[in-house]
Amino acid sequence: MLEKIRKDFSTIIWVLIPVAIVINGAIGWAVAKLNLPTYLDTIGTIGLAVLAGPWVGALTGVLTNIILGFLSPGYIPYWPVPVFIGLVAGFCANAGMFKRWWKVLLVGVFVAITAALLSTLIAQKIHGGSSLSLFYFLVEEPVDKIATVLIVFVITRIIPKGVIAYLPSPENIETMESPK
């Protein structure tokens, strides 16, 4: 187990973690500035979870929240949310759930439930009382996370096989064949 985790954190992944953090922050910022009804701020976290495993996804998520916390301290208490998003996405990818679009939809639901539950629990702890929003649970989080995992699915399918071969978990995805 530890050897597999060590393999997941290859040199190329240590280079890609800051890239994924920038992707998370930049897309999250752009979506917020455009006032879109979604977040899409975990594309980098989920992408690396798929390409390198759950522990890489978890680390990418927590580092994103810590770094963004310097810009907006409200992010810091929510650090467990992207950790678990990375873990759920990574374990689902390891189970082969990023190879078919319909399985990716299920991953989006699993990630949405995880994110919604943890976010709500943390918000209740911080703000006291109940802050349960059915719209958030039934619409906002599922739409965001399903869209996010579908974006990651498309991106990972277009990465050339030669590049995928250098990543720790090439078996987690299937790339599209080039026309001959």
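Residues numbered from 1 in each chain as written. Predicted model: local features only at pLDDT ≥ 70, side-chain atom pairs only at ≥ 80, totals over all residues. Heavy atoms only, no water.

**Topic: the overall build of the protein chain**
Put simply, the rule is: Segments assigned H or I by DSSP are reported as helices when at least four residues long, segments assigned E as strands when at least two residues long, and all are numbered from the N terminus. Restricting the calculation to C-alpha atoms gives the radius of gyration, and the globule rule supplies 2.2 Å times the number of residues raised to the power 0.38. Whether two residues are in contact is decided by their heavy atoms, any of which lying within 4.5 Å being enough. Shrake-Rupley sampling with a 1.4 Å probe provides the accessible areas, and residues are treated as covered by the protein chains on show and by no other component.
When its secondary structure is counted, the protein chain shows eight helices and zero strands. Put simply, the protein chain runs from its N terminus to its C terminus through helices and strands in the order α-α-α-α-α-α-α-α. For 180 residues, the compact-globule estimate of 2.2 N^0.38 gives 16 Å, and the protein chain sits close to it at 16 Å. With the C-alpha coordinates aligned to their principal axes, the bounding extent of the protein chain is approximately 55 × 35 × 30 Å. Of the contacts formed within the protein chain by residues at least 6 apart in sequence, a portion of 67% connects residues at least 24 apart. Summed over all atoms, the accessible surface of the protein chain reaches about 9700 Å², with 75% contributed by carbon and sulfur.

**Here's the deal with the environment of Arg-157**
Topologically, Arg-157 is positioned in helix H7 (residues 134–158). C-alpha separation for the pair Arg-157 and Thr-175, spaced 18 residues apart in sequence, amounts to 4.1 Å. Those residues within four positions of Arg-157 in sequence are excluded, and the remaining contacts are Lys-99, Glu-174, Thr-175 and Met-176.

**So, the environment of Thr-60**
The cut-off we apply is this: Only protein chains enter the calculation, and the probe is 1.4 Å; a residue is then buried if its accessible area is under 20% of its type maximum, exposed if over 50%, and partly exposed in between.
Relative to the helices and strands, Thr-60 resides in helix H4 (residues 54–71). Relative accessible area serves as the criterion here: at 0%, Thr-60 is assigned to the buried category. Taking the C-alpha atoms as reference, Thr-60 lies 6.0 Å from Ile-17; in sequence the two are 43 residues apart. Each residue touching Thr-60, except ones within four places of it in the same chain, is listed here: Ile-17, Ala-20, Ile-21, Asn-24, Gly-44, Thr-45 and Leu-48.

**Brief notes about the nonpolar core**
To keep things clear, this is the line we draw: Buried residues of nine kinds, namely Ala, Val, Leu, Ile, Met, Phe, Trp, Tyr and Cys, make up a nonpolar core once their side-chain atoms join them within 4.5 Å.
Of all hydrophobic cores here, the largest spans 36 residues; its most connected members are Ile-13, Ile-17, Ile-46, Val-50, Val-56, Phe-98 and Val-107. Of all the secondary-structure elements, those providing two or more residues to this core are helix H2 (11–33), helix H3 (43–52), helix H5 (80–94), helix H6 (101–127) and H7. Counting residues per element, this core draws most heavily on H3, which supplies seven residues. Look past the residues within four positions of Val-107 in its chain and what remains in contact with it is Ala-89, Cys-92, Met-97, Phe-98 and Val-149.

**What about unusual backbone geometry?**
The backbone of Asn-35 sits at a positive phi, close to 55°, despite the residue not being glycine. On the secondary structure map, Asn-35 appears in the loop between H2 and H3. Unusually for a residue other than glycine, Leu-40 sits at a positive phi of about 55°. Within the secondary structure, Leu-40 sits in the loop between H2 and H3. By relative accessible area, Leu-40 is classed as buried at 14%.

**Quick notes on the packing of H3 against H5**
A pair of packed helices is characterised by two quantities: the angle between their axes and the separation of those axes. To keep things clear, this is the line we draw: Lines fitted to C-alpha atoms define the axes here, with helix axes fitted over just the stretch in contact, and angles between the N-to-C directions of these axes take values from 0 to 180 degrees. When the near helix sits turned anticlockwise from the far one by under a right angle, the crossing is termed left-handed; a clockwise turn instead gives a right-handed crossing. Residues are sorted three ways: Asp, Glu, Lys and Arg are charged, Ala, Val, Leu, Ile, Met, Phe, Trp, Tyr, Cys and Pro are nonpolar, and all the rest, Gly among them, are polar.
At their nearest, the axes of H3 and H5 sit 8 Å apart, and the two run at 35° to each other. By crossing handedness, the relation of H3 to H5 is classed as right-handed. Where H3 approaches H5, its residues Thr-45, Ile-46, Ala-49 and Val-50 are matched on the opposing element by Pro-82, Ile-85, Gly-86, Ala-89, Gly-90 and Ala-93. Across the contact of H3 with H5, the residue classes break down as seven nonpolar, three polar and no charged.

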